[in-house]
Amino acid sequence: MKCSKCKADNKLKDRRDNDGKCSQCRQRFVFEPTSMGPVKLTDIAYEGFIDRVSASCTLKFTEKQLYYKIIKAKEKPANTVGCLVGLGVVLAFGCFSSSTGSHPGLIFLGILAGAFAAWAIWFALSKTDLKKSFPPVAATDEQTAAGWLLHWCEVRGPLPGLIIDATNSEYQKQIKSGIDQKALLLESLSRDQRPVEYPAELTQYSFDRVVVTESQVIAEFLIGNNFHFENNCAVLSIDGYPQKLFTTVMEMLRKNDQLKVFALHDARPKSLDLAHYLRTSPDWFLNQPGATVYDIGLYPRQLMKTAVTRRKDPTIVNELTRLKPEILATLTAEEIRFFEKGLYYEVEVFSPQKLLRLITVEIGKVRNSDTSIDSLSSDVLIAGSVIGSSTMPSDTFG
């Protein structure tokens, strides 16, 4: 196994003789594949996941975004099927030609034809909707992934750019069970992270738009990646993040009688009420009739025809039974069947780079439209229905 620091190759004996450290640079190995379960992991592989999810350490990312990056690597379809089929065609043609004494030129043409067939089949398997027809249901194994992360931080120290969701159920489960001292270590690391604050001079003005997220971790993710500066857009979470500036930012937003509010949430029943709540709650925009609430998603219909990883949770069915009638009426029959199977999507399924881009695109659809709410064109909000002064999401996300 190669050391991620000096790239020296260390055999199992070397690692054992050096107490789990590299025999050359003495850096400690985080993972020992020979002592792991069914899923083997090396330091270089894990660093690769971190590098890809953070866009080479240029973006902040959440714990779940790292988790999704790992499980997606395990879910990639094997495109070698086409190559094997093509190789079989080549071998079969070669054997047939040899037995019949075919001209060498014909044999050569047959080999070329087989190679082309291999490429064509591979291309078809990788590009058609065959694999998209059955998006993977990720195994609920967040506890294992959380254990890897905890161990990585224990050995290597705080992970730059990591945004930890302290409300994550699996995370809380590990805190309560006290897996060694790793969970407590990670908890302290999360407390050391300082939320990015708005400059003081901004409080003198208002915002034209605000993104309200279902969870604090997504709001922290957007602010940490300067989404608010690059889009001239306030960012808040429904539970009051960022706490130190929440009241001030709300006062700024109330100064704008043409405010545009964008609700961002997971595609699961209990999350679909976010936009409606923002529109009807006196704590938010009930008393601000000029504000328009745009529900940009997620909804199952935005992702069901894609290969985006879906999750499964038996409690989804119970959530569906408690859904408000006015929200339930906005769902398609296909979406209801989707939830009845216990399936759902999470916002964090998207990589940081893609999520930032998709939200920017959704906001841009509204910013670039001069059309009133009641006559929004289908390329802006395909659903087109209106609940009070709220608008429903498009059929695609971004």
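Details of the structure are given in the entry above.
Residues numbered from 1 in each chain as written. Predicted model: local features only at pLDDT ≥ 70, side-chain atom pairs only at ≥ 80, totals over all residues. Heavy atoms only, no water.

Asker: Can you walk me through the nonpolar core in this structure?
Answerer: The nonpolar side chains of a soluble globular protein tend to be buried with one another. Grouped together as the largest cluster of nonpolar side chains are 48 residues, with contacts concentrated most on L222, F227, Y345, F350 and I359. In this structure, L245, M252, W284 and F285 belong to the second largest nonpolar core, which totals 21 residues. (Core = buried A, V, L, I, M, F, W, Y, C linked by side-chain atoms within 4.5 Å. Buried < 20%, exposed > 50% of the residue type's maximum accessible area, 1.4 Å probe, protein only.)

Asker: Got a minute to help me understand the environment of S23 in this structure?
Answerer: Along the chain, S23 turns up in the loop between α1 (12-17) and α2 (43-53). For S23, a relative accessible area of 27% puts it in the partly exposed group. Put simply, S23 and A8 are 15 residues apart on the chain and 8.0 Å apart in space, counted from C-alpha to C-alpha. Not counting residues up to four positions away in its chain, the partners in contact with S23 are N10 and N18. (Helix = DSSP H or I, 4+ residues; strand = E, 2+ residues; numbered from the N terminus. Contact = heavy atoms within 4.5 Å.)

Asker: For this particular structure, what's the right way to read the pairing of strand β6 (residues 292-297)?
Answerer: Look at any regular strand and the pattern is simple: side chains alternate between the two faces of the sheet. β6 sits mainly inside the fold: six of its six residues count as buried. Summarising the sheet, strand β5 (residues 260-264) and β6 pair through five bridges and their orientation is parallel. Residue pairing in the sheet places L264 in a bridge with G297 of β6. Handedness of the crossover joining β5 and β6 through helix α12 (residues 274-280) is recorded here as right-handed. (Pairing = 2+ DSSP bridges. Right-handed = clockwise from strand over helix to strand, strands pointing away.)

Asker: Just checking my understanding: could you explain the pattern of salt bridges for this structure?
Answerer: Two side chains bearing opposite charge may form a pair once their charged atoms approach each other closely. Scanning all chains against the criterion turns up 13 salt bridges. Across the salt bridge formed by K13 and D17, the nearest N and O atoms sit 2.8 Å from each other. Highlighted residues: K13 and D17, both in helix α1, separated by four residues, approximately one helical turn. Here the two residues K13 and D17 agree in accessibility, since each one is exposed. Salt bridges sharing partners connect three or more residues here, namely K64, E142, R311 and E346. (Salt bridge = Lys/Arg side-chain N within 4 Å of Asp/Glu carboxyl O.)

Asker: I would appreciate a short explanation of unusual backbone geometry in the present structure.
Answerer: Both trends apply: most residues other than glycine have a negative phi, and most peptide bonds are in trans. The residue after Y241, namely P242, is reached through a cis peptide bond having omega -5°. Counting through the fold element by element, P242 comes out in the loop between β4 (234-237) and α11 (246-253). For the peptide bond that leads from G297 to L298, omega is 15°, which places it in the cis range. Within the secondary structure layout, L298 lies in the loop between β6 and α13 (300-303).

Asker: Hey, could you run me through the environment of Y241 in this one?
Answerer: Note on placement: Y241 falls in the loop between β4 and α11. For the pair formed by Y241 and E220, sequence separation is 21 residues and the distance between their alpha carbons is 7.8 Å.

Asker: Hey, could you run me through the packing of aromatic side chains in this one?
Answerer: Aromatic ring pairs: the centre-centre distance and the angle between the two ring planes describe each pair. By the definition in use, this model includes nine aromatic pairs. With centroids separated by 5.3 Å and ring planes inclined at 20°, the aromatic side chains of F262 and Y294 adopt a geometry described as stacked. With a gap of 32 residues between them, F262 in strand β5 and Y294 in strand β6 connect regions that are remote in the sequence. Residue classification places Y294 among the buried positions, given a relative accessible area of 4%. Taken together, F31, Y46 and W152 form an aromatic cluster joined through their ring pairs. (Phe/Tyr/Trp six-rings, centres within 6.5 Å; stacked < 30°, edge-to-face > 60°.)

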